[in-house]
Amino acid sequence: MESKTESQEQEYDADGRQIIDGSLLEGGGQILRIAAALSCILHIPIRVKNIRAGRDKPGLKAQHMTGLQLVASLCNGKLDKCRLGSLEITLDPGPIQSGQFLADTKTAGSICLLIQVALPCLLYSSDVCTLHLQGGTNCDMAPQIDYLTLVFKPMAEKFGLNFDVDIKRRGYFPKGGGEVILKSQPVKCLVGVEITQPGELFQVYSRSFVAGNLPEHLSKKVSQSISRAIKQNIPAAAVEIKQESMKEVSAIGSGLGTIVLAETTTGCLLAGSALGKPRTPAEEAGTAAVKELMEAIDSKGCVDQYLQDQIILLMALAEGQSKVLSGPLTLHTRTAIHIVQLMTQARFTLTEQENKTVVIACQGLGHLNPYLKG
């Protein structure tokens, strides 16, 4: 069954800024990140209202403020009302800059979420850009830095993104203190992709870690629980399992976690991840990560539920048509599509298959980098 997603009526304030309602659909920080990135890239002044209105503690947190301030510095923009707890901000973007930029959440706020909002903007700069980011590398309610390097990066490269990530130091809740350096190359235009063949699963890779004052044997327990679960659920797959213990020089604070990655014969990458919890057996992190991976595999898509919404902005900016086969759409993905269609001329078509997978198709903008000629 095919359905075209409806475009929404655009609304503007008295100063000509496009109004974005931050309480719609998923109603979280994702709306803010997508709106800020598109504002920067397409030079659209915005007013975002009702920021995180549906959350227990609505308004801006330190992490959201840091992301907005980073985008404003990238485009030499004017950012107003950006303070803790604010339910509304305005951003008037200027031309996208190049060079080196620093952002520090000063908390365990996610470095990956800073990258989500900033990286698309850097693609349309005039030269190589470097982000020096500080905060949390492995956080709850956000992608782990390992997911960004092992899953998002290979997918992004299919669209034409070219960037490198250097993890100088990891940081965990509650201290943060992680340090990541990202270098990106500008692009003339992103290219549309077609990823609709899931292929057969043939290899599983996992990386488990402990840091700080946690004993090294806990990462081995996590790995053992992963090995047992993989043999039970995917007995034919080749398995590579690694564990790592990080000292103070390579990590701030104490943490335990894992990512489990499955690769298919057509190059699709699916993942599950988990962090250890206080007063909880370490093995549960491994079990939880494999459970999340199996849910992704069972969805029969080419992307997992987390990659699903992260590629929407790339599909919209790319030239030509993109098609990606996914499992059932998440609310995050529907929210991303809604905001993209509200702010751009990109249009999405969703086709549900008999097995409940969905083909996400987009006729992209083909947005060109004004600084790169030829």
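Residues numbered from 1 in each chain as written. Predicted model: local features only at pLDDT ≥ 70, side-chain atom pairs only at ≥ 80, totals over all residues. Heavy atoms only, no water.

K.L.:
Teacher, can you tell me more about empty space enclosed by the protein here?
P.N.:
Summed over all chains, the structure comprises two cavities of 30 Å³ or more. Within this model, the largest cavity holds a volume of roughly 260 Å³. As for the largest cavity, its lining consists of 18 residues, and the residues nearest its centre are Gln116, Val117, Pro120, Gln310 and Leu313. At the level of secondary structure, the elements contributing two or more residues to the lining of the largest cavity comprise helix H1 (29–42), helix H3 (111–122), helix H4 (145–159), helix H7 (305–310) and helix H8 (312–317). Counting residues per element, the lining of the largest cavity draws most heavily on H3, at six residues. (1 Å grid on protein atoms, 1.4 Å probe; cavity = no way out; pocket = protein on both sides within 12 Å on 5 of 7 lines; lining within 4 Å. Points joined across faces, edges and corners; volume = space filled by probe spheres on them. Helix = DSSP H or I, 4+ residues; strand = E, 2+ residues; numbered from the N terminus.)

K.L.:
Mind showing me how you'd approach unusual backbone geometry here?
P.N.:
Peptide bonds are, in most cases, trans, and in most cases residues other than glycine have a negative phi. A positive phi angle, near 60°, is found at His43, a position not held by glycine. Locating His43 in the fold gives a position in the loop between H1 and strand S3 (46–49). Given a relative accessible area of 46%, His43 falls into the partly exposed group. Look at Asn76: it is not a glycine, yet its phi comes out positive at around 50°. Relative to the helices and strands, Asn76 is located in the loop between helix H2 (62–74) and strand S4 (78–80). Classification of Asn76 as exposed rests on a relative accessible area of 57%. (Buried < 20%, exposed > 50% of the residue type's maximum accessible area, 1.4 Å probe, protein only.)

K.L.:
What exactly am I supposed to notice about the pattern of salt bridges here?
P.N.:
Pairs may arise between side chains of opposite charge once their charged atoms sit close together. Within this structure, the stated rule accounts for 16 salt bridges. Note that Glu26 and Arg55 form a salt bridge whose closest N and O atoms lie 2.4 Å from each other. Residue Glu26 is located in the loop between strand S2 (18–21) and H1, and its partner Arg55 is located in the loop between S3 and H2; the two are separated by 29 residues in the primary sequence. For Lys168, the salt bridge goes to Asp166, with nearest N and O atoms at 2.9 Å. (Salt bridge = Lys/Arg side-chain N within 4 Å of Asp/Glu carboxyl O.)

K.L.:
I keep staring at the pairing of S3 and nothing clicks. Help me out?
P.N.:
Two faces, one strand: in a regular strand the side chains alternate between the faces of the sheet. As judged from the four bridges shared by S2 and S3, these two strands associate in the parallel manner. Note that in S3 the partner of Ile19 across the bridge is Arg47. In this fold, S2 hands off to H1, which returns the chain to S3; that crossover is right-handed. Pairing of S3 with strand S5 (residues 89–92), which is carried by three bridges, proceeds in the antiparallel orientation. Its bridge partner lying in S5, Val48 is registered against Ile89. (Pairing = 2+ DSSP bridges. Right-handed = clockwise from strand over helix to strand, strands pointing away.)

K.L.:
What exactly am I supposed to notice about the UniProt feature "active site" (unreviewed entry) in the protein here?
P.N.:
With numbering matched to this structure, UniProt assigns "active site" (unreviewed entry) to His332. Mapped onto the elements of the fold, His332 is located in helix H9 (residues 331–343). The class for His332 is partly exposed, based on a relative accessible area of 34%. Residues within four places of His332 in sequence aside, it is in contact with Glu26, Gln30 and Asp309. (UniProt positions renumbered as here; feature names shortened; annotations may be inferred. Contact = heavy atoms within 4.5 Å.)

K.L.:
Please clarify how the layout of surface pockets should be interpreted in this entry.
P.N.:
Take a probe with the size of a water molecule and roll it over the atoms, and the empty space left behind shows itself. Approximately 1,800 Å³ is the volume found for the largest pocket. Where the lining of the largest pocket is concerned, the elements lending two or more residues are H1, H2, H3, strand S14 (255–264), strand S15 (269–275) and H7. Considering each element in turn, the lining of the largest pocket owes the most residues, four residues, to H7. Its residues placed into classes, the lining of the largest pocket shows 21 nonpolar, 20 polar and nine charged. (Nonpolar A, V, L, I, M, F, W, Y, C, P; charged D, E, K, R; others polar.)

K.L.:
Any chance you could explain the side chain of Asp309 here in plain terms?
P.N.:
Within the fold, Asp309 resides in helix H7. In this structure Asp309 is buried but unpaired, with Arg33 as the nearest side chain of opposite charge at 6.8 Å. (Lys, Arg positive; Asp, Glu negative; His and termini not counted.)

K.L.:
Can you walk me through the packing of aromatic side chains in this structure?
P.N.:
Each pair of aromatic rings is reported with the distance of its centres and the angle of its planes. Considering all chains together, one arrives at three aromatic pairs under this definition. Centre to centre, the rings of Tyr172 and Phe209 are 5.5 Å apart; their planes meet at 20°, and the pair counts as stacked. Of this pair, Tyr172 sits in the loop between strand S8 (163–171) and strand S9 (178–184) while Phe209 sits in strand S11 (residues 201–211), and the two are 37 residues apart along the sequence. An identical accessibility class is assigned to Tyr172 and Phe209; each is buried. Its guanidinium or amino end placed over the ring of Phe163, Lys153 lies 5.5 Å from that ring's centre, counting from NZ or CZ. Seen from the ring of Phe209, Arg170 lies directly overhead, with NZ or CZ sitting 5.8 Å from the centre. (Phe/Tyr/Trp six-rings, centres within 6.5 Å; stacked < 30°, edge-to-face > 60°. Lys NZ or Arg CZ within 6 Å of the ring centre and 35° of its normal.)

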